[in-house]
Amino acid sequence: MSDEIIVGIDLGTTNSAAAIFRKGKVQVLKNDLDEYLTPSVVAYDKKSDSIMTGRIAKDIYAVNPNQGAATFKRNMGNDHLYSINDKKYGATELSAYILKSLKMQVETALGHEVARAVITVPAYFDESQRFATIKAGEIAGFKVERIINEPTAAAIAYGLNKRESESTFLVFDLGGGTFDVCIMELFEGMLEVRSTAGVSMLGGEDFTQRLMGFALQKVKVNFEYAEVQFPDKLMLLRKRCEIAKRKLSNDESVEVVIPQMGKMKEQQTIEVTGEDCEEIFKPLLERLYSPCRAALRGADIEASELDEIILVGGATRMPIIRRFVEKILGRLPLDNIDPDLAVAEGAAIQAALSGEDEAVEDWVVTDVASHSMGISISKRIGGQLTGGYFSPIIHRNTTIPTSRTEFYCTTVNNQTDMTFNVYEGESRYTKDNRHVGSFSITSIPKSPEGQESVAVTFTYDTNGILEVEATIDSTGKKFNKLFTHNAKSISEEEIKKARRRIEQLKKNPCEKPIYRDLLARAELLYQELFAEQKKQLESRLDLFESALKTRNPLEIKKAYKELKELCDLLDGGMRW
């Protein structure tokens, strides 16, 4: 059956991989070259008059860079076009070629069609980039069950065999083109993302680029000049610098042969040492520091409180990265996880969760919103009404799925309608954030400025679907709109399913029977206790009620367990 297995795919900037979960184990599948990693490169092959992918395409691209494209993941969600054999391709279409090759790879290994997939993305991808990834999957012939953040996938792979333990750990994910940091918490089979931060244009490719710049500087050739005049030789230098960068993981120094170009009379050989790399890569290392600090701040913890550090992404194999992590976080990272395959393995486990595999039925994974979402509002400043301010409703690092409500008032007398412009981003000003869409409400009763209020509720699920609902307080009239980013491809049935999921999210957790029961039990018990015991129970009750308000599954589970344990202790588990 085509729907028996859902494949997990790490769609990387430099390399991609596919994995499946069956019989309780993860299996990363090899491609037709007997390799786990498939280079994320697309190129035109003149001999076969066809588009090629993977290592073959990478070699073609190295010889003739005008006939191929690489690192296109960096342009997912925008209009940048690549020219291959006089045809224009966007990043979505090129990614679809990679996904299609992975699909064929899995189907060859399994001997039957595979139609469903979970695909990973950098944690800091915005919604347009996530939709572009979904679209690429659909073009490749997949039904994309879920988009999951790369560091979350790596954490799932790490945590699968540690489900009964408790720990707080950091995932440091430096891939070929993007950098993410996530703080994760593992508690009794529940894995929660506490915070995330990152940079969308920083990865191993940038380290290779810096090494190329160092080499060209040694022979007094301008980088930009070489790009225009000698693209083929510059590509050859890129290959040699990439290999040198890898060798420096084990060797104290390496030689790089620079092809003849410009005023050079012949090719030249230079030596690059580990000490040189400290200086060459220093500007890039400095850019890694800020996201690490932001992730710790977002989780409200100190580096000393981390139990473990996990390195993900091929670029973390560089000793200079490991030393950097140890220096800023104060401890050695784990070295028992394959940084190249962890994301694909985690995607396969998430795929098993999506398919309700019994082997992972006790495993709960939560994620967070990578960007704040809210609306544009106006403020009175010096008596003047000034627009363009961003009012976040769902804040970055909020556990998802979630539902949040804020209240807004009319800004002029007798106002009868409002238009809500929805934005995503972190700036105070909407002009610096990304516009998601808009919708309007009518029938607001006429009244003086500020006397009519509207409750605006944002409900956001793990598939990137956002519902905005506005309720006029005085009349109870409701308006809502679904923002999917893929309205052209989503079916009516999928929209109905999304709405049903969202309705469930909007329900108060207090309505859950086991929570209502525990609250009622604790309230009754409170009345029978002595002063000191009352104080203890009241503290646990307050914590549980506070956790319910956050709608955070991990916080609720912890607070529920603590309150129930205290109730069991106080009443001996005897219910009347």
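Remember, it's a predicted structure, so these values are computed and weren't measured experimentally. (Residues numbered from 1 in each chain as written. Predicted model: local features only at pLDDT ≥ 70, side-chain atom pairs only at ≥ 80, totals over all residues. Heavy atoms only, no water.)

**Concerning the pattern of salt bridges**
Applying the stated rule across the entire model yields 25 salt bridges. Put simply, Lys143 and Glu145 hold a salt bridge, and the shortest N to O gap is 3.6 Å. Its salt-bridge partner being Glu242, residue Arg246 comes within 3.2 Å of it at the nearest N-O pair. Taken together, the positions of Arg246 and Glu242, both in helix α7 (residues 231–247) and 4 residues apart, correspond to about one turn of that helix. You can call Arg246 partly exposed: its relative accessible area is 47%. When salt bridges with common partners are traced through the structure, they connect Arg521, Lys564, Asp568 and Asp571 into a single cluster. (Salt bridge = Lys/Arg side-chain N within 4 Å of Asp/Glu carboxyl O. Helix = DSSP H or I, 4+ residues; strand = E, 2+ residues; numbered from the N terminus. Buried < 20%, exposed > 50% of the residue type's maximum accessible area, 1.4 Å probe, protein only.)

**Here's the deal with the layout of surface pockets**
Considering only enclosed or pocket space, the second largest pocket measures out at about 1,200 Å³ in volume. The wall of the second largest pocket is formed by 39 residues, among which Tyr61, Ala70, Glu205, Met235 and Arg238 lie closest to the centre. At the level of secondary structure, the elements contributing two or more residues to the lining of the second largest pocket comprise α1 (54–63), β7 (68–70), β8 (81–84), α5 (204–218), α6 (223–229) and α7. Along the lines of polarity and charge, the residues of the lining of the second largest pocket split into 16 nonpolar, 11 polar and 12 charged. Among the domains, domain 1 (7–202 + 289–368) and domain 2 (204–282) are the pair contributing at least three residues each to the lining of the second largest pocket. (1 Å grid on protein atoms, 1.4 Å probe; cavity = no way out; pocket = protein on both sides within 12 Å on 5 of 7 lines; lining within 4 Å. Points joined across faces, edges and corners; volume = space filled by probe spheres on them. Nonpolar A, V, L, I, M, F, W, Y, C, P; charged D, E, K, R; others polar. Domains from an automatic or database assignment.)

**Brief notes about the side chain of Thr178**
Within the secondary structure, Thr178 sits in the loop between β12 (166–174) and β13 (179–187). Using a relative accessible area of 5% as the deciding quantity, one classes Thr178 as buried. Those residues in contact with Thr178, other than ones at most four positions away along the chain, are Thr13, Pro122, Glu150, Asp173, Val199, Ser200, Leu202 and Gly203. (Contact = heavy atoms within 4.5 Å.)

**Focus: the sheet that holds strand β25 (residues 453–460)**
Across a sheet, strands are paired by hydrogen bonds formed along the backbone, either parallel or antiparallel in direction. Ordered by their spatial adjacency, 4 strands build an open sheet running β22-β25-β26-β27, and the pairing between neighbours is antiparallel. At either margin of the open sheet sits one strand with a lone partner, and together these are β22 (402–409) and β27 (478–483). Across this sheet, the average inter-strand angle for adjacent strands is 15°, counted without regard to direction. As paired strands, β25 and strand β26 (residues 466–472) are joined by 7 bridges and run antiparallel to one another. (Pairing = 2+ DSSP bridges. Axes fitted to C-alpha atoms, helices over the stretch in contact; angles between N-to-C directions.)

**Section: the domain arrangement of the chain**
Once the domains are mapped, the chain shows domain 1 (7–202 + 289–368), domain 2 (204–282), domain 3 (371–500) and domain 4 (510–571). When each unit is reduced to the centre of its C-alpha atoms, the spacing between domain 1 and domain 2 is 28 Å. Taken residue by residue, the interface counts 21 residues in domain 1 and 15 residues in domain 2. Approximately 1,300 Å² of surface area, both sides summed, lies buried where domain 1 meets domain 2, with 62% of it carried by carbon and sulfur atoms. Taken as a group, Ala62, Met318 and Ile320 account for 33% of the area that domain 1 buries against domain 2, more than any other trio of residues on that side. Taken together, the links from domain 1 to domain 2 amount to 2 salt bridges. A salt bridge links Asp206 to Arg74; its shortest N-O distance comes to 2.3 Å. (Buried area = accessible area lost by both parts, 1.4 Å probe.)

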